2 protein chains.
Amino acid sequence: MPELRKDPIIDRWVIISTERGKRPVFFVEEAPPAKAPMCPLCQGNENMTPPEVYSARQDGSPQNGPGWTLRVVPNKFPALRVEGNLDKEGIGLYDKMNGVGAHEVIIETPHHGETLSHMDIGGIQRVLVAYRARILDLIRDQRLKYIMVFKNQGSVAGASLDHSHSQLIALPIVPRRVVEEINGGLNYYKFKDRCVFCDIIAQEKEDNVRVVFENDKCIALSPYASRFPFETWILPKKHEPYFASFERMDDYFALAETLSTVLKKYDRVLNSPPYNYIIHTAPFGNGQVPHYHWHIEIIPRLTKMAGFEWGTGFYINPTPPEEATEYLKETQI
Amino acid sequence: MPELRKDPIIDRWVIISTERGKRPVFFVEEAPPAKAPMCPLCQGNENMTPPEVYSARQDGSPQNGPGWTLRVVPNKFPALRVEGNLDKEGIGLYDKMNGVGAHEVIIETPHHGETLSHMDIGGIQRVLVAYRARILDLIRDQRLKYIMVFKNQGSVAGASLDHSHSQLIALPIVPRRVVEEINGGLNYYKFKDRCVFCDIIAQEKEDNVRVVFENDKCIALSPYASRFPFETWILPKKHEPYFASFERMDDYFALAETLSTVLKKYDRVLNSPPYNYIIHTAPFGNGQVPHYHWHIEIIPRLTKMAGFEWGTGFYINPTPPEEATEYLKETQI
């Protein structure tokens, strides 16, 4: 059973894989990503993954067979396990609990080599709707406190499989940075009685030097204190704490259009860079959250993380966000 | 002038390089590290760096000429500038100040290709003593609040020059993670009236499954909630908040022996991995700090940082620290 261990100094949890006998990870060089036809995420290889928990498929096509446009399957090498109790425990001054949770893979396309930026908007909408469906299913499990949805595109960004996919990790704790962000929003709300993200959207529309793209529902911008060159955030224009709370399918279409536009512009300006994105949403079950506003943070992986950045949370960004915005806005897709 | 910008949601400052006209950073591929003899850090190329601010050299050898064993020079492409005022300013809901500070390079050896793990203990002691000397000089500047000393070994770890060096960045703010760690220690102290780091050392000596090395002054251990495979912390056994407060040279010798042992063991077990280390010390000028204990955190860069780790501060570590400790302890150097 994997273990969740808490740093005794700061409130940071780490998943430690405690299965002995597995060789520790030793080298920087990893195996190159699998190519079709041995790719477990390709159409025709459905038996290479655990059984699907969600799919979008042709009417009448059999589960776990071909005929799909999107599948969600449990991760074959999960960081967390669905079975078991949390068994919270102290060991001297240390704290741990069992690594209970879920770890799923969203296979975004049956076609090896196709990425989100190649897909039409309907295809990206299908991916976003799958995220929503899995979140709404998993939040019924009372042991789980938070669901992270993220994507690693390209091996430099941490993808171990070449075939386009995203991941979902459901956790029994709320990660520290999420708590921090929510508390940051709460402090602002207490002071101003307004959502800081709503205020940012208003100021960015006024300033108009960091807005990359917008449609009637969503806005994409380079954040004022961007940590990385060409960092981009996508936010819904209307206040909403939960990613999964968009009710209407055309809301996800507008979001898909925004995401598609940013990714296509990255491809042009930055030469199809590796990237990560992560969906920041309020933990579920909190009802009204006037101080938090869900959003997607996208980071192209253009520079190496240096030593002090993970140690201090302090970043040096060589590209001003206003300049990144200019490049992205000017580029035709 | 570079700019320090504050994230409006959480208390995170970022250095934004605002000099226009410089091309933005576009690609993952960086130029390969310079080789001698064009290496600006090599003996004989002293004129390729800004004038030295500290050196260890043969008696009578001229400043900025050959004859040195260690030099400290200002970074030629500094993230921060020594000149000017902070000029703190609000722009709507955003906050910024000028990027005032210092950015120095500690050239650890005149020999291209020699790294810390090849040096004798006296050589490493010289590096640590240089850190101390520069910190004690820079803390006299009232504008500065914190000094980060760190090392990127290898291009994967972020080093842009091949020649062995560390860096020092003096900042007008205390970075968020440092504040967090100090507050974590303070919370524990309020509850227990003891230093959490002192308690960790006591428990680790008792448990004896995560201690990699110790001598009479220092201890090296794999932290209980290690974020990364083979993460190692080095702490002084005696409570001390400030890295620069070791008074006696043999304290730095004991520290050098500990650092040398860990790095040599990394070389054997992990095949000379790229790594980062960072010195965590209390911000200066706070007098007695019974709740904080300086230490060095060392991270071999064996795995790629995945997308959700920077977004959530939540880590998945495939190697239990007890297993890493076993490998490191058993390895003869």
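Residues numbered from 1 in each chain as written. Chains lettered and ligands numbered in written order. Predicted model: local features only at pLDDT ≥ 70, side-chain atom pairs only at ≥ 80, totals over all residues.

(A) Focus on the overall build of chain A. The secondary structure content of chain A amounts to six helices and 15 strands. The C-alpha radius of gyration computed for chain A amounts to 20 Å, which stays within 12% of the reference 20 Å derived for 333 residues, consistent with globular compactness. Based on the C-alpha atoms only, the size of chain A along its principal axes is roughly 55 × 50 × 40 Å. With 333 residues in all, chain A has 49% of them scored as buried. In chain A, the share of contacts with a sequence separation of at least 24, taken over all contacts with a separation of at least 6, comes to 68%. (Helix = DSSP H or I, 4+ residues; strand = E, 2+ residues; numbered from the N terminus. Rg over C-alpha atoms; globule rule 2.2 N^0.38 Å. Buried ≥ 20, exposed ≤ 12 C-beta atoms within 10 Å, placed from the backbone. Contact = placed C-beta atoms within 7 Å.)

(B) Structural view of helix H3 (residues 196-207) of chain A. Residues and elements named next belong to chain A. Between its terminal C-alpha atoms H3 stretches 16 Å, which fits the 16 Å expected from 12 residues at 1.5 Å a residue. Among the residues of H3, those classed as buried are Val-196, Phe-197, Ile-200, Ile-201 and Glu-204. Taken end-on, H3 shows its buried residues confined to a sector of 145°, consistent with a single buried face. Considering only its buried residues, H3 is in contact with helix H2 (176-192), strand E10 (211-214), strand E11 (218-221), strand E12 (232-236) and strand E14 (295-300). Phi for Asn-208, located one or two positions after H3, is positive at around 55°. (Expected span 1.5 Å × (residues − 1). Arc of directions from axis to C-beta.)

(C) Representation of the interface of chain B and chain A. Tallying the contact residues gives 76 residues for chain B and 76 residues for chain A. Tallying contributions element by element places helix H2 (residues 176-192) of chain B first for the side of chain B that touches chain A, with seven residues. Pairing between strand E15 (residues 315-317) of chain A and strand E2 (residues 13-16) of chain B: three bridges, direction parallel. Following the sheet pairing, Ile-316 of chain A is matched in E2 of chain B by Ile-15 of chain B. (Pairing = 2+ DSSP bridges.)

(D) Local environment of the sheet that holds strand E2 (residues 13-16) of chain A. The sheet built from five strands is open, its strands ordered E5(A)-E6(A)-E1(A)-E2(A)-E15(B) with mixed pairing. Whereas interior strands pair on both sides, the edge strands pair on one side only; in this sheet they are strand E5 (89-91) of chain A together with strand E15 (315-317) of chain B. Put simply, the sheet's adjacent strands are angled 30° from each other on average, direction ignored. Pairing of E5 of chain A with strand E6 (residues 94-98) of chain A, which is carried by three bridges, proceeds in the antiparallel orientation. Across the sheet, residue Gly-90 of chain A finds its bridge partner in E6 of chain A, namely Asp-95 of chain A. (Axes fitted to C-alpha atoms, helices over the stretch in contact; angles between N-to-C directions.)

(E) Main features of the relation of the copies chain B and chain A. By a simple turn and slide, chain B fits onto chain A: the slide is 0.0 Å along the axis, the RMSD is 0.0 Å, and the turn is 180°. Seen this way, the second copy is the image of the first under a two-fold rotation axis. By residue overlap, the copies meet face to face through one surface: 100% of the interface positions of chain B are interface positions in chain A. (Least-squares fit on C-alpha atoms with pLDDT ≥ 70 in both.)

(F) Main features of the environment of His-293 of chain B. Residue and element names in this part refer to chain B. Here His-293 is to be found in the loop between strand E13 (275-280) and strand E14 (295-300). You can call His-293 buried: it has 26 C-beta atoms within 10 Å. In the structure, His-293 is positioned 20 residues away from Gly-313 in sequence and 22 Å away in space, judged by C-alpha atoms. When neighbours within four sequence positions are excluded, His-293 is seen to be in contact with Cys-195, Phe-197, Cys-198, Leu-235, His-239, Glu-240 and Pro-241.

(G) Seen up close, the sheet that holds E14 of chain A. Residue and element names in this part refer to chain A. The strand order across the open sheet built from 10 strands is E3-E4-E7-E9-E8-E13-E14-E12-E11-E10, with neighbouring strands paired in antiparallel fashion. Where the open sheet ends on each side, the last strands, each with one partner, are strand E3 (54-57) and E10. When the angles between neighbouring strand axes are averaged without regard to direction, this sheet yields 15°.

(H) A look at the pairing of strand E11 (residues 218-221) of chain B. All names here are of chain B. Side-chain alternation along E11 places Cys-218 and Ala-220 on one buried face and Ile-219 and Leu-221 on a second face that is also buried. Of the strand pairs in this sheet, strand E10 (residues 211-214) and E11 are connected by three bridges, and their pairing is antiparallel. The residue bridging Phe-213 from the neighbouring strand is Ala-220, located in E11. Hairpin connection of E10 to E11: three residues between the antiparallel strands.

(I) Summary view of the environment of Ala-79 of chain A. Within the secondary structure, Ala-79 of chain A sits in the loop between strand E4 (68-74) and E5. Separated by 78 residues in the primary sequence, Ala-79 of chain A and Met-1 of chain A have C-alpha atoms spaced 9.5 Å apart. Dropping the residues within four chain positions of it, Ala-79 of chain A is found in contact with Pro-2, Ile-15, His-103 and Ile-169 of chain A together with Ile-316 of chain B.

(J) Highlighting the confidence of the model for chain A. Summary statistics for chain A give a mean pLDDT of 90 and a share of 93% for residues scoring 70 or more. Reported confidence for the predicted complex is 0.89 by ipTM and 0.92 by pTM. (pLDDT = per-residue confidence, 0-100.)

(K) Local environment of the packing of helix H1 (residues 121-138) of chain A against helix H4 (residues 249-270) of chain A. Residues and elements named next belong to chain A. Contact pair H1 / H4: the axes reach a minimum separation of 8 Å and the direction vectors enclose 115°. Two packed elements cross with a definite hand, and for H1 against H4 that hand is right-handed. In this structure, H1 uses Ile-121, Ile-124, Gln-125, Leu-128 and Val-129 to contact H4, whose residues at the interface are Tyr-252, Phe-253, Leu-255, Ala-256, Glu-257, Leu-259 and Ser-260. Per-class residue counts for the contact of H1 with H4 are nine nonpolar, two polar and one charged. (Left-handed = near helix turned anticlockwise from the far one by under 90°. Nonpolar A, V, L, I, M, F, W, Y, C, P; charged D, E, K, R; others polar.)

(L) Main features of unusual backbone geometry. Residues and elements named next belong to chain A. The residue Asp-193 is not glycine, and still its phi comes out positive at about 65°. Examined against the element boundaries, Asp-193 turns out to sit in the loop between H2 and H3. Classification of Asp-193 as exposed rests on a count of 9 C-beta atoms within 10 Å.

(M) Molecular detail of the pairing of E4 of chain A. All names here are of chain A. Judged from the four bridges that link them, E3 and E4 form a sheet pairing that is antiparallel. Looking at E4, one finds that Ala-56 is bridged to Leu-70. Relative to strand E7 (residues 102-107), E4 runs antiparallel, the two being bridged by four bridges. Each residue of the ladder has a partner; that of Pro-74, found in E7, is Glu-104.

(N) Region of interest: H2 of chain B. All names here are of chain B. Between its terminal C-alpha atoms H2 stretches 24 Å, which fits the 24 Å expected from 17 residues at 1.5 Å a residue. Every buried residue belonging to H2 is among Arg-177, Val-178, Glu-180, Glu-181, Ile-182 and Gly-185, and all of these are buried. The first or second residue beyond H2 is Asp-193, which carries a positive phi of 60°.

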